[in-house]
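Now for the letters of each chain:
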Amino acid sequence: MTEDYRTYVCDICGSGSHSTIDVTASYLGGHPLCVCHDCGFVYVRQRRTSKTIAEIWSKVIYENDYIPKIPAVVARHTYVAEFLSSQLKRKGGNILDMGAGDGQFLNIVRRMDSSIQPFGIEPSAKNCQEMAKIGIDSYCGTVESYIEDRKNTLHKFQVVSLLWTLENSHSCTALIAAARAALTDGGYLIVATGSRILVPFKKPLYDYLGLYDGTFTPDLHSFRFSANSLQNLLESKGFDIASINSYIDTDHLVIIARNTGRSGLNRVRTDDPDKIIDYFERWHRDTEQYFSKSSLLESK
């Protein structure tokens, strides 16, 4: 690692006690994921700044590799919009999408309810231009810069969404705190992630982790959530869990949480770190047996 990287402790409980998940090293350029001994959270210890990570996602990955209009992405955005609608059963109001991309999710929500007022925060200027074309207002920059720029005139939202964004951030705790700062008291945060663990394997491990290639480095995807760890994170930042989807038999983990307006609660759920290490080892063996890409791994 270069001098641009810093080493971090567990983002959820603050413990520095951890084990490496050694089996992940061969997929991640020799930099394995870590699991916290105290709460079982899976994270990347060495990361660059939030600005650097946001720039790589917006200027390299999204502009070259990410295509939001493909059926799989449309389907997952539609799933989250329908889940949100079915659980909250409300009309109108405003919604902020943090890491809004080109506004596809916000547009789906608006088509379901034309009285909703959508707003996006997005670091990619190109994506913000795409949102403008479909009549969605946005802020071009990071969530951190949005909060800082508008700290004296911060507009409050009734719903904030973080979709396939939390796991790709520099600090999951800072991002949840920022989401809460943008919410009204009693407002709702919806988080969706495909990076759920301790569930049936849905793909080869190399597809889940993303093969290290010098550009896609581990800190671009620093967090791997279980249902327990995501609930711990939300509750530690003052949210009550309102709804959880059927994540065991669905490709996504989706949680809706209510902003309580009070300080965070102590975490109440933990994952066994030994079981998490065993989970990744079994996933690796399953991948090698049924979906081997040894030649691809060796070439990286």
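Residues numbered from 1 in each chain as written. Predicted model: local features only at pLDDT ≥ 70, side-chain atom pairs only at ≥ 80, totals over all residues. Heavy atoms only, no water.

A.B. asks: How would you explain the overall build of the protein if you had to name every residue and give the values?
C.D. replies: Counting its regular elements, the protein contains 10 helices and 13 strands. On C-alpha atoms alone, the protein measures out to a radius of gyration of 19 Å, which is about the 19 Å that the 2.2 N^0.38 rule sets for 300 residues. With the principal axes as the frame, the protein shows a C-alpha extent of 50 × 40 × 40 Å. For the protein, the proportion of its 300 residues judged to be buried stands at 52%. Sequence separation of 24 or more characterises 70% of the internal contacts of the protein that already satisfy a separation of 6 or more. In the structure as shown, the protein presents an accessible area of about 13400 Å², 47% of it carried by carbon and sulfur atoms. Here the protein holds 33 positive side-chain charges and 35 negative ones, and the gap between their average locations is 5 Å. (Helix = DSSP H or I, 4+ residues; strand = E, 2+ residues; numbered from the N terminus. Rg over C-alpha atoms; globule rule 2.2 N^0.38 Å. Buried < 20%, exposed > 50% of the residue type's maximum accessible area, 1.4 Å probe, protein only. Contact = heavy atoms within 4.5 Å. Areas by Shrake-Rupley, 256 points an atom, 1.4 Å probe, with all protein chains shown as cover. Lys, Arg positive; Asp, Glu negative; His and termini not counted. Charge placed at Lys NZ, Arg CZ, Asp CG, Glu CD.)

A.B. asks: Please set out the layout of surface pockets residue by residue, giving values where relevant.
C.D. replies: A probe matching the size of a water molecule, rolled over the atoms, marks out where space remains unfilled. Taken as a whole, the second largest pocket spans an internal volume of roughly 260 Å³. Along the wall of the second largest pocket there are 17 residues; nearest its centre are Leu84, Ser85, Arg90, Val109 and Ile116. Within the residue set of the lining of the second largest pocket, elements represented by two or more residues are α2 (71–88), β6 (94–98), α3 (104–112) and β9 (157–163). The element that contributes the greatest number of residues to the lining of the second largest pocket is α2, accounting for four residues. For the lining of the second largest pocket, the residue count by class is eight nonpolar, five polar and four charged. (1 Å grid on protein atoms, 1.4 Å probe; cavity = no way out; pocket = protein on both sides within 12 Å on 5 of 7 lines; lining within 4 Å. Points joined across faces, edges and corners; volume = space filled by probe spheres on them. Nonpolar A, V, L, I, M, F, W, Y, C, P; charged D, E, K, R; others polar.)

A.B. asks: So, the sheet that holds strand β11 (residues 223–224): which residues are in play, and what are the values?
C.D. replies: Strand order in the open sheet made by the four strands is β2-β3-β4-β11, with antiparallel pairing throughout. The strands lining the two open edges of the sheet, one partner per strand, are β2 (18–20) and β11. Judged from the two bridges that link them, strand β4 (residues 42–43) and β11 form a sheet pairing that is antiparallel. Looking at the pairing, Val42 lines up with Arg224 of β11. (Pairing = 2+ DSSP bridges.)

Read these as spatial facts, not as claims about activity.
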